Amino acid sequence: MSLYVPILVLAALSAVFAVFSIVMGSLAGPKRWNRAKLSAYECGIQPTPQPLGGGRFPIKYYLTAMLFIVFDIEIIFLYPWAVAFDRLGMFGLVEMVLFIVTVLVAFAYVWRRGGLEWD
Amino acid sequence: MSHLTTLAATTAAGPGAASITQNLVFWVLAVISVTAGVGMVLARRAVHCALMLAIVMLSLAVLYALAGAPFLAFVQVIVYTGAVLMLFLFVLMLVGVSSADSIVETIKGQRLAAGVVGTGMLILLALGIGHGAIGGARPLTSRNGSGNVSGIADLIFTKYVFPFEVTSALLITAALGAMVLAHRERTTPKPTQRQLSRQRIAGSHPTPLPGPGTYAQHNSVDMPAMLPDGTPSELSVSPVITRRGLSSQEAGGPPPGQVEAPGKQEARP
């Protein structure tokens, strides 16, 4: 359980920092509102009304999200392999290379079919 | 610190010996996750459901960590909360955030099937928990002997090496399915840099377009520049901004809500 003490300390630090910043900002900062300051910040341009139905993302993002999941899962398998690398030796290396190459086939397919082109 | 080390000792001793801290965290998280789970079912907006699910998943991660399974806890955070839930949100955005779900039964026998599957899940859970409670389950120490992560590595690369390799086929299927569902094949070749620059020189405006004006209410991007004769230059504002429902005269003018349909705009080369 002492494994988690650094994580707990970090979480506590970030929580304290967030609360402190917000509270101190609202206490110490001057409050001089105007219309421009109160409007929603939308990357600098005039806030645009939300489109009907909340708006929809282009379908291309689905491929991005799916590829992200694929590589996320691949990386998750790398962690235990890296921890036990010394004991697993050559067998572990061959198995992992086999695994990565197989997943890369999917990546190569998506790449060659033009799935990564954004236009 | 001292109670944490004793907690570590009790965790190593097995699931039977739970300390006060462990119990306390479990009950707090149980209340949070069950509340969030009920909220997920009851929430009307799909995005709220997804966020409730995130709370449930994070609580589960902490529970796994509490039970002495750090690897599972981090997988829960990285894969489930980080990637799978993100995919849920993406799909929600693809479909449209506020698009309503049909209450009418569209697939025949869906409710019956849901009831059967739910009952089956309940039976499975009861069996699993009962099995663990009666004493059939082995303590974690039998697997956690050399540390949780390396124990998992040993299992992956010995007993479960074939399922592990087959997982890559599953991942290929996922990527391929996404390509089949979401990819639109390009019918014309992509214009090269050479073609693009040729097009630009041959077009009506080979020089860089004028920059936007210097001041608007929010910033200058949606404010047209003034030409020497005092008229605003439509060319200086990105067509994306005007297409979003603001003519450049309005930018910096009336507050949002009074914006009209996009006005006529000059064609950009």
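Computed from a predicted model, the values in this text were never measured in an experiment.

**A short note on the overall build of chain A**
Next, step 1: Of the regular secondary structure elements, chain A holds four helices and zero strands.
Next, step 2: Listed by position from the N terminus, the elements making up chain A come as α-α-α-α.
Next, step 3: Here chain A, with 119 residues, has 28% of them falling under the buried criterion.
Next, step 4: Roughly 8200 Å² of accessible area belongs to chain A as shown, and the carbon and sulfur atoms make up 74% of that amount.

**Considerations on the packing of helix H3 (residues 60-83) of chain A against helix H6 (residues 148-157) of chain B**
Next, step 1: Axis separation between H3 of chain A and H6 of chain B bottoms out at 8 Å; the angle between their running directions is 105 degrees. Of the possible angle classes, the one that applies to H3 of chain A and H6 of chain B is roughly perpendicular. On H6 of chain B, the residues touching Phe77, Pro80, Trp81 and Val83 of chain A of H3 of chain A are Val149, Ser150, Ile152, Ala153, Ile156 and Phe157 of chain B.
Next, step 2: A breakdown of the residues in the contact of H3 of chain A with H6 of chain B according to their chemical character gives nine nonpolar, one polar and no charged.

**A few points about the pattern of salt bridges**
Next, step 1: Overall, the coordinates contain three salt bridges over all chains when judged by the stated rule.
Next, step 2: Glu185 of chain B serves as the salt-bridge partner of Arg113 of chain A, at 2.8 Å between the closest nitrogen and oxygen. Within this pair, whereas Arg113 of chain A is found in the segment after helix H4 (85-112), its partner Glu185 of chain B is found in the loop between helix H7 (161-182) and helix H8 (193-202), the two belonging to separate chains.
Next, step 3: On the basis of relative accessibility, which here comes to 42%, the residue Glu185 of chain B falls in the partly exposed class.
Next, step 4: The shortest N-O distance in the salt bridge between Glu117 of chain A and Arg186 of chain B comes to 3.6 Å.

**Quick look at the packing of aromatic side chains**
Next, step 1: Scanning the model with the defined rule gives 10 aromatic pairs over all chains in all.
Next, step 2: Ring geometry for Phe77 of chain A against Phe164 of chain B: centres 5.0 Å apart, planes inclined by 65 degrees, an arrangement best described as edge-to-face. Residue Phe77 of chain A is located in helix H3, and its partner Phe164 of chain B is located in helix H7; the two belong to separate chains.
Next, step 3: Residue placement shows Arg112 of chain A over the ring face of Trp111 of chain A; its charged tip is 5.6 Å from the ring centre.

So, how was this worked out
Residues numbered from 1 in each chain as written. Chains lettered and ligands numbered in written order. Predicted model: local features only at pLDDT ≥ 70, side-chain atom pairs only at ≥ 80, totals over all residues. Heavy atoms only, no water. Helix = DSSP H or I, 4+ residues; strand = E, 2+ residues; numbered from the N terminus. Buried < 20%, exposed > 50% of the residue type's maximum accessible area, 1.4 Å probe, protein only. Areas by Shrake-Rupley, 256 points an atom, 1.4 Å probe, with all protein chains shown as cover. Axes fitted to C-alpha atoms, helices over the stretch in contact; angles between N-to-C directions. Parallel < 35°, antiparallel > 145°, perpendicular 65-115°, else oblique. Contact = heavy atoms within 4.5 Å. Nonpolar A, V, L, I, M, F, W, Y, C, P; charged D, E, K, R; others polar. Salt bridge = Lys/Arg side-chain N within 4 Å of Asp/Glu carboxyl O. Phe/Tyr/Trp six-rings, centres within 6.5 Å; stacked < 30°, edge-to-face > 60°. Lys NZ or Arg CZ within 6 Å of the ring centre and 35° of its normal.

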